[in-house]
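Spelled out, the chains give:
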Amino acid sequence: MYLYLPVALTSINILIPVGLGLAVGLLSGLFGVGGGFLLTPLLIMFGIPSTVAAATDSNQIVAASTSGTYAHWKVGNVDFKMGLYLLVGGFAGGILGVQLIKLLHAMGNADFVIKITYILMLGIVGVYMFIESLQSMRKKTNTVEEAKEEKESAVGRFLKSLPLQTHFVKSGITHSIFVPIVLGAFVGILAAIMGVGGGFLMVPIMVYMLRMPMHVVVGTSLFQILFTCIEVTFLQAYTNHSVDFILAVLLLLGSTVGAQIGASFGKKLKAEQLKILLATIVLAVTVKIVFEITLTPSLLLSQVGGH
Amino acid sequence: MPEVRIQKSEVRKKLTSALIGIVVIAIATWAGDASAMLTAKANHDHITIDFFYHGSTVSVKGLSEPGTDLVVKITSPEGHQLLKKKGKVGGMLWMNVGQLKFENTPNFYEVFSTRKIEDILSTEEMDRHVIGFPALAKHVEITPVENEAEKAKWFDEFVKFKEDSRVYTSSSGNIKTSMNADGKQEYFIMTDWPYQAQPGDYLVTVYAVKDLKVVEQATAKVNVEQVGMVKSLAGMAKDMPAMYGFLSIGVALGAGFGVSMVFRKGGGAH
């Protein structure tokens, strides 16, 4: 059955957005990512204008991350304190990133910087997570613990010397409040440049730099994404009029259920298995983008706006 | 004395019995040295877009003098369109390398003819009436381009882009003609009306062609309009963006919590 989308001004088979929502919601609940880096290009592929695809994606992520955050909160996997500090940093970084994008547009090379940033960030994150997870799965537990301790002591001295140290009970770690704020700002800048929520960057940063346990990472990332996407949805609706309410409802029909299934399924997987799965998806997206920019496109013109 | 009759067939969906119609307002015109009076009848007022709209069909039929060829052109009003262009950076990477402005271009352009346009119309006549892509190419202004070759390249890409969205097409041999008992030529064409065609007014022009010239023409209007909830939501998104934003967020939060509750009761989440 087809439904007409009043803002996208196109008609779509309802099975497509519901199915895509279910798949992306599953990833969201499993890995703590919003899934924008996957869903937005897929929506464009199915004929949704790029501006509407990006804005509506944010809207549905609000639903999926609410569902996912709730599911993770019920099993005690959300570090609200850490999430709030990351949000503060992310918000500041987002503002800075938007200014950077304006500057790049004025210089005329924004698209090049965005694409290269995409490939580099996705590639580095994907390869690092994949190799690290593979090694962790192969090595004995005690060896991994030793390696972690060595790494922590090297970076730890500097981090512990920072002022305003505070303990994050849920994650079982102690950091200066500046650490999550600065890292949140870093992700915020990149997310603004790349036009995505930044979940796939935030998750590895929480795992490898903040040393948070993987299951708390997923819940906390979703909590942070929820607020980011509420802000983005409102701004997109208010300034660009590009949120398609009907498309968002169709997507969230699938994604909210998918997020619950993902959160439930995630509990049955080990941390290393979760990481290697996410790394594989991130690497697949990287390869797709590399193909996109190296193979001659079928159309040399596209709508203004979107990614 | 050609007669243009635009008839819109109905799309009926399972959950609705909504009718999709076409407005046809015929305007008699004089063309060339022929004196003729055009008449038209409308079956429906306009094409209505509701939630279950998935495009429609438009049929154009009427009478013309025997021996004339026919061209049917359906266009939206002309305007300008801004599009991103892709180019190679560093000789190997395809990137967006700027924007192109296409002026004097309709968003929607469909041309149908009894035979190949080049075989029945002179270049001058095609240009004068902007019939066919070569004529449209001369009519359109593209900026910034450095020369005619570059303009031609980007116009071809523009047509490819529009054809991909199903809003541009040009084909021949799909208008059926036959002689009636009064010795007049009857013509008929039925074409898909794509759901990608945006709401607005569309102009249908039928040209009667003889000896490489347009000898008569008739025009009619097709109106495509959003109705009901589709219209309300589209209007709200544009006119009350803050409320629309809050509504979108509220529904998303509600759906997220709602599904969580369902799973909680069902024991699916934990």
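Computed from a prediction, not measured in an experiment: that's the story for all the values here. (Residues numbered from 1 in each chain as written. Chains lettered and ligands numbered in written order. Predicted model: local features only at pLDDT ≥ 70, side-chain atom pairs only at ≥ 80, totals over all residues. Heavy atoms only, no water.)

Caption draft 1: Spatial organisation of the overall build of chain A. Each helix and strand in chain A was counted, giving 11 helices and five strands. Expressed as a percentage of its 307 residues, the buried residues of chain A come to 56%. A fraction of 77% describes how many contacts in chain A between residues 6 or more apart in sequence connect residues 24 or more apart. Total accessible area on chain A stands at roughly 12,800 Å², and carbon and sulfur atoms take up 71% of it. (Helix = DSSP H or I, 4+ residues; strand = E, 2+ residues; numbered from the N terminus. Buried < 20%, exposed > 50% of the residue type's maximum accessible area, 1.4 Å probe, protein only. Contact = heavy atoms within 4.5 Å. Areas by Shrake-Rupley, 256 points an atom, 1.4 Å probe, with all protein chains shown as cover.)

Caption draft 2: Just the packing of aromatic side chains, in detail. Under the definition given, this model contains 18 aromatic pairs over all chains. Here the aromatic rings of A:Tyr70 and B:Phe257 are separated by 6.0 Å at their centres, their planes lie at 85 degrees, and the arrangement is edge-to-face. Of this pair, A:Tyr70 sits in helix H3 (residues 50-74) while B:Phe257 sits in helix H6 (residues 241-266), on two different chains. Grouping aromatic residues by their ring pairs yields a cluster made of B:Phe102, B:Tyr109, B:Phe133, B:Phe155, B:Phe158 and B:Tyr168. It is A:Lys81 that lies over the ring of A:Phe168; its NZ or CZ is 5.2 Å from the centre. (Phe/Tyr/Trp six-rings, centres within 6.5 Å; stacked < 30°, edge-to-face > 60°. Lys NZ or Arg CZ within 6 Å of the ring centre and 35° of its normal.)

Caption draft 3: The arrangement of the pairing of strand E2 (residues 10-13) of chain A in detail. The alternating pattern of E2(A) places A:Thr10 and A:Ile12 on one face and A:Ser11 and A:Asn13 on the opposite face, and all of these are buried. In this antiparallel pair of consecutive strands, strand E1 (residues 2-5) of chain A and E2(A), the connection spans four residues, and A:Leu9 shows a positive phi of 55 degrees. (Pairing = 2+ DSSP bridges.)

Caption draft 4: How the structure looks around the sheet that holds strand E4 (residues 69-75) of chain B. Residues and elements named next belong to chain B. The sheet built from six strands is open, its strands ordered E2-E13-E12-E4-E7-E9 with mixed pairing. At either end of the open sheet lies a strand with only one pairing partner, and these are strand E2 (47-49) and strand E9 (168-172). Adjacent strand axes in the sheet meet at a mean angle of 15 degrees, parallel and antiparallel pairs treated alike. Alignment of strand E12 (residues 200-210) against strand E13 (residues 213-226), held across 11 bridges, turns out to be antiparallel. Paired with Ala208 across the bridge in E13 is Glu216. (Axes fitted to C-alpha atoms, helices over the stretch in contact; angles between N-to-C directions.)

Caption draft 5: The arrangement of the side chain of B:Thr68 in detail. All names here are of chain B. Counting through the fold element by element, Thr68 comes out in the loop between strand E3 (56-64) and E4. Its relative accessible area of 6% is what places Thr68 among the buried residues. The contacts of Thr68, once residues within four sequence positions are left out, are Gln185, Ala208, Val209 and Lys210.

Caption draft 6: Structural view of the nonpolar core. Grouped together as the largest cluster of nonpolar side chains are 84 residues, with contacts concentrated most on A:Ile48, B:Phe155, B:Trp193 and B:Tyr244. When neighbours within four sequence positions are excluded, A:Ile48 is seen to be in contact with A:Leu5, A:Ala8, A:Thr10, A:Ile12, A:Leu43, A:Ala53 and A:Leu247. Membership of the second largest hydrophobic core comes to 51 residues, among which are A:Phe37, A:Met129, A:Met212 and A:Val282. (Core = buried A, V, L, I, M, F, W, Y, C linked by side-chain atoms within 4.5 Å.)

Caption draft 7: Region of interest: the side chain of A:Ser255. All names here are of chain A. By the secondary structure assignment, Ser255 is in helix H10 (residues 245-266). Residue class for Ser255 comes out buried when judged on its relative accessible area of 0%. Residues contacting Ser255, with those up to four places away along its chain left out, are Gly21, Leu22, Gly25, Gln60 and Ala64.

Caption draft 8: Region of the structure containing the interface of chain A and chain B. Each partner contributes residues to the interface: chain A has 57 residues there, and chain B has 59 residues. At the boundary of chain A with chain B, total buried surface from both sides reaches about 5,100 Å², with 71% on carbon and sulfur atoms. Sorting the residues of chain A by area buried against chain B places A:Tyr4, A:Leu300 and A:Leu301 first, and these three jointly supply 16% of that buried surface. On inspection of chain A and its partner chain B, the count reaches zero salt bridges. (Buried area = accessible area lost by both parts, 1.4 Å probe. Salt bridge = Lys/Arg side-chain N within 4 Å of Asp/Glu carboxyl O.)

Caption draft 9: Looking closely at the confidence of the model for chain A. Chain-level pLDDT for chain A is 81 on average; 91% of the residues reach the 70-or-more range. Per-residue pLDDT, averaged within each element of chain A, yields its smallest value for helix H6 (residues 141-161) of chain A (59) and its largest for E2(A) (92). (pLDDT = per-residue confidence, 0-100.)

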